[in-house]
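Listed below are the residues making up each chain.
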Amino acid sequence: STNSTDLPTTNSTDLPSTNSTDFPSTNSTDLPNTNITDPDSDPSPRSMSPTPQPTCNPFDDFNICIAIDGSGSVCSTNGKRDCLGCSPPAFCQDVGIDRDTCCTNFANVKEFSSLMVTSLEELPVEKSFSVVQFATDATVEGELSSVDETLLTLDNMEYSGGATNHASAIQKCQQTFSPTSGNRKKFIKQNGRNRKQFILLVTDGASSLPKPDPEGTAEAAAALAKEDDIAIIPIFISSTYDED
């Protein structure tokens, strides 16, 4: 028989007391003060007002050298002539284009470069531009100067013709950023900081000079420019649209 009278008694009075008075006190007065007005917990007063308009300029002062391809392939009708001095005209010069500019393609490059300079003029920073034309060799057409002077340089630039020497173009542009000669010093630093330096390499094809490794020489010149914190931005030009 398993009558309930045979089971041990378990009256509640035999259990340990679990009154709330036996637990540690957690009154709010015992908690750390996290009021945001407490200067020890938040030294910066909170405000619901909008933040003020930023006063810093998001742009850096800069110099840009525009290196323009004046090689024969830019104007040659079959892309295989050097077109030195726009000669022979029958294979180099476009109808309606003067001998100094030689062809529509070169005229478009000059116009593109001028539009680029004009657009960058609107940036609220100090800026200067230099111009280099390259073919078999590179020539400095204009040292670092103002927007107006640069536009005049581009307008007066004459087509040269020749091979394609990217290494020489990069080196000549790098020289225009040198702070050691003439009045170029005033273009290098503004408020004690060096300006950003860029080369826009406007070209229609691969390097063909100097031999025996024109592309390797161009890459080496670009690496040296990078070590000088000069960024090179290549811009490919073509008389026809090519997705490749």
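Bear in mind the structure is a predicted one, so any value in this text is a computation, not a measurement.

Analysis parameters
Residues numbered from 1 in each chain as written. Predicted model: local features only at pLDDT ≥ 70, side-chain atom pairs only at ≥ 80, totals over all residues. Heavy atoms only, no water. Buried < 20%, exposed > 50% of the residue type's maximum accessible area, 1.4 Å probe, protein only. Helix = DSSP H or I, 4+ residues; strand = E, 2+ residues; numbered from the N terminus. Pairing = 2+ DSSP bridges. Phe/Tyr/Trp six-rings, centres within 6.5 Å; stacked < 30°, edge-to-face > 60°. Axes fitted to C-alpha atoms, helices over the stretch in contact; angles between N-to-C directions. Patch = residues over 30% accessible without salt bridge, like charges linked within 9 Å, V, L, I, M, F, W, Y side chains within 5 Å. Areas by Shrake-Rupley, 256 points an atom, 1.4 Å probe, with all protein chains shown as cover. Salt bridge = Lys/Arg side-chain N within 4 Å of Asp/Glu carboxyl O. Lys, Arg positive; Asp, Glu negative; His and termini not counted. Charge placed at Lys NZ, Arg CZ, Asp CG, Glu CD.

### A short note on the pairing of strand β2 (residues 127-134)
Now for step 1: Most of β2 sits inside the fold, with eight of its eight residues counted as buried.
Now for step 2: Sheet topology places strand β1 (residues 62-69) next to β2; eight bridges connect them, and they run parallel. Its bridge partner lying in β2, Ile 64 is registered against Phe 129.
Now for step 3: With five bridges connecting them, β2 and strand β3 (residues 138-145) associate as antiparallel partners. Opposite Val 131, over in β3, you have Gly 142 as the bridge partner.
Now for step 4: Hairpin remark: β2 followed by β3, antiparallel, with three residues in the connecting loop.

### Notes on the packing of aromatic side chains
Now for step 1: Considering all chains together, one arrives at two aromatic pairs under this definition.
Now for step 2: A centroid spacing of 6.2 Å and a plane angle of 80 degrees characterise the contact between Phe 62 and Phe 129, whose relative ring orientation is edge-to-face. Of this pair, Phe 62 sits in strand β1 while Phe 129 sits in strand β2, and the two are 67 residues apart along the sequence. By the burial criterion, Phe 62 is buried, and Phe 129 matches it.
Now for step 3: Plain terms: the ring middles of Phe 106 and Tyr 159 are 5.2 Å apart, the flat faces sit at 70 degrees to each other, and that makes the pair edge-to-face. Taken together, the residues span a long stretch of sequence, with Phe 106 in helix α3 (residues 104-120) and Tyr 159 in the loop between α4 (147-156) and α5 (166-176) at a distance of 53 residues.

### Here's the deal with the sheet that holds β2
Now for step 1: With mixed pairing, the five strands of this open sheet are ordered in space as β3-β2-β1-β6-β7. Bordering the open sheet on either side are β3 and β7 (230-236), each of which pairs with just one other strand. Going across the sheet, the axis of each strand differs from the next one's by a mean of 15 degrees, ignoring polarity.

### Thoughts on unusual backbone geometry
Now for step 1: Going from Ser 87 to Pro 88, the amide bond is cis rather than trans, its omega being 0 degrees.
Now for step 2: Within the secondary structure, Pro 88 is located in the loop between α1 (72-75) and α2 (89-92).
Now for step 3: Between Leu 209 and the following residue, Pro 210, the backbone shows a cis peptide bond with an omega angle of -5 degrees.
Now for step 4: Along the polypeptide, Pro 210 turns up in the loop between β6 (196-203) and α7 (214-227).
Now for step 5: You will see that Cys 86, though not glycine, has its phi angle at about 65 degrees, which is positive.
Now for step 6: Positionally, Cys 86 belongs in the loop between α1 and α2.
Now for step 7: Its identity is not glycine, yet Cys 102 carries a phi of approximately 80 degrees, on the positive side.
Now for step 8: Residue position: Cys 102 is located in the loop between α2 and α3.

### Some details on a negative patch on the surface
Now for step 1: Negative charge collects at one region of the surface, where Asp 98, Asp 100, Glu 141 and Glu 158 lie side by side.
Now for step 2: Relative to the elements of secondary structure, Asp 100 occurs in the loop between α2 and α3.
Now for step 3: A residue is classified by how much of its surface remains accessible, and Asp 100, at 40% relative accessible area, is partly exposed.

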